[in-house]
Amino acid sequence: MMKKMLLVLDGQTGVLDREIHKKNQIISNINLLIDKFDTIQQPILFTRHTNKTSLVAETGSWELVSTIRCPETPIYFNKKRSNIFAEENFIELLKRLNIQTIYICGFVTNGCVQAACLESQSRGFETFLLEDAHSTFVKNAEKVIDSWNQKLAEAGIEVLKTHEAIEQLAND
């Protein structure tokens, strides 16, 4: 059976310690999505971006923030690149899990989020961006987020609000 997956990008302490636009609302929406995917028993994958400066592996800043709920059976994927699809073994993991559809949320809109959306779609996955469940820390964040939501929608990625995705998943 082909599955849907929730991809939660880089919800790490070292990322969320920054001035993230609407941080609490974004985390709340991510948690609603996690709860729904957990309820329908579909995989939830959390990425942890790793670098040699602010997100050093196995340090506090690298760990997922405690305000993002972690289901009983999370899948973690450590990455070094903005584009998770460029990581060795990621595509194999998706194939092993029989993933056909990917719902994308997390951080950072103008980096890892947009890269994951575009690459997911280019590789043939049905791709959804949760427009109210991703954010960034850049100046003019709201404009940047709105601009990426529009660009990604124009590129053919389905852009949904969290409540729309939850309704859609409930009806599948």
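The preceding data block contains the structure.
What counts and how
- Residue numbers run consecutively from 1 along every chain, following the written order of its sequence.
- At least 70 in pLDDT is required for a residue's local features to be given in this predicted model, at least 80 for side-chain atom pairs to be given and counted, and no such filter applies to totals for whole chains, interfaces and linings, which use all residues.
- Only hydrogens and water are set aside when side-chain values are computed; all heavy atoms of the structure are taken into account.
- The secondary structure listing takes helices from DSSP runs of H or I that are at least 4 residues long and strands from runs of E that are at least 2 residues long, numbered from the N terminus.
- Any helix carries an expected span of 1.5 Å times its number of residues minus one.
- Note on classification: 1.4 Å probe, protein chains only; a residue is buried when its accessible area is under 20% of the maximum for its type, exposed when over 50%, partly exposed between these limits.
- The criterion used for residue contact is that any of the two residues' heavy atoms lie within 4.5 Å.
- For every element, the axis is a line fit to its C-alpha atoms; helices are fit only across the contacting stretch, and the angle between N-to-C directions ranges from 0 to 180 degrees.
- If an angle is under 35 degrees, it is roughly parallel; if it is over 145, roughly antiparallel; if it lies from 65 to 115, roughly perpendicular; otherwise it is oblique.
- Counted as a polar contact is a pair of N or O atoms within 3.5 Å, where, for protein atoms, one must be capable of donating a hydrogen and the other of accepting one, and residues adjacent in sequence contribute only when both atoms are in side chains.
- Take a side-chain nitrogen of Lys or Arg and a carboxyl oxygen of Asp or Glu: if they are within 4 Å of each other, that pair is a salt bridge.
- Directions from the helix axis toward the C-beta atoms define the arc.
- We call a set of buried Ala, Val, Leu, Ile, Met, Phe, Trp, Tyr and Cys residues a nonpolar core when their side-chain atoms join them within 4.5 Å.
- Think of it as three bins: nonpolar holds Ala, Val, Leu, Ile, Met, Phe, Trp, Tyr, Cys and Pro, charged holds Asp, Glu, Lys and Arg, and polar takes everything else, Gly as well.

## Observations concerning helix H2 (residues 23-39)
Given 3.6 residues per helical turn, the α-helix brings residues three or four places apart onto the same face. For H2, with 17 residues, the first-to-last C-alpha span of 24 Å sits near the 24 Å given by 1.5 Å per residue. Considered for burial, the residues of H2 that qualify are Ile-26, Ile-27, Asn-29, Ile-30, Asn-31, Leu-33, Ile-34, Lys-36 and Phe-37. Buried residues along H2 sit against strand S1 (3-9), helix H1 (13-16), strand S2 (44-49), strand S4 (99-107), strand S5 (126-135) and helix H6 (162-171). Backbone geometry just downstream of H2 places Gln-41 in the positive-phi region, at approximately 55°.

## Re the packing of helix H4 (residues 109-122) against helix H5 (residues 141-154)
Two elements in contact, H4 and H5, have axes separated by 11 Å at closest approach and are oriented at 10°. Between H4 and H5, the angle is such that the two are roughly parallel. Contact residues: H4 offers Thr-109, Asn-110, Gln-114, Cys-117 and Leu-118, while H5 offers Val-144, Ile-145, Trp-148 and Leu-152.

## Considering the side chain of Gln-114
Structurally, the position occupied by Gln-114 is in helix H4. Polar contacts involving the side chain of Gln-114 include one to the main-chain carbonyl oxygen of Gly-111, which spans 3.4 Å. When residues no more than four places from it in sequence are discounted, the contact partners of Gln-114 are Thr-109, Trp-148 and Leu-152.

## Some details on the pattern of salt bridges
As enumerated under the stated definition, the model contains five salt bridges in all. In this structure, Arg-123 engages Glu-119 in a salt bridge whose closest nitrogen and oxygen atoms are separated by 2.9 Å. On the basis of relative accessible area, Arg-123 is assigned to the partly exposed category, the value being 43%. Put simply, Lys-161 and Glu-131 hold a salt bridge, and the shortest N to O gap is 3.1 Å. Taken together, the positions of Lys-161 in the loop between strand S6 (158-160) and H6 and Glu-131 in strand S5 put the pair 30 residues apart, joining distant regions of the chain. Judged by relative accessible area, which is 34%, Lys-161 ranks as partly exposed. When its relative accessible area of 26% is taken as the criterion, Glu-131 is described as partly exposed.

## A word on H6
The complete set of buried residues in H6 reads Thr-162, Ala-165 and Leu-169. The buried residues of H6 occupy an angular sector of 65° when projected down its axis, which confines them to one face. Residues of H6 that are buried make contact with S1, H2, S4, S5 and S6.

## A short note on the nonpolar core
Leu-6, Ile-30, Tyr-103 and Phe-107 are the most contacted members of the largest nonpolar core, which has 26 residues in total. Within the residue set of this core, elements represented by two or more residues are S1, H1, H2, S2, S4, S5 and H6. With six residues, H2 is the largest single contributor of residues to this core. Excluding residues that lie within four positions of it along the chain, Tyr-103 makes contacts with Lys-4, Met-5, Leu-6, Leu-7, Phe-37, Phe-128, Leu-130, Leu-160, Ala-165, Gln-168 and Leu-169. Core analysis: the next-biggest nonpolar cluster, separate from the first, contains 25 residues, Leu-94, Leu-129, Trp-148 and Val-159 among them.

## Digging into the packing of H2 against H6
Any two packed helices are characterised by the angle at which their axes cross and by the distance between the axes. Contact geometry for H2 and H6: axes closest at 10 Å, N-to-C directions at 5°. Of the possible angle classes, the one that applies to H2 and H6 is roughly parallel. Each of Asn-29, Leu-32, Leu-33, Lys-36 and Phe-37 in H2 lies in contact with H6, whose residues at this interface are Thr-162, Ala-165, Ile-166, Leu-169 and Ala-170. Taken together, the residues that form the contact of H2 with H6 break down as seven nonpolar, two polar and one charged.

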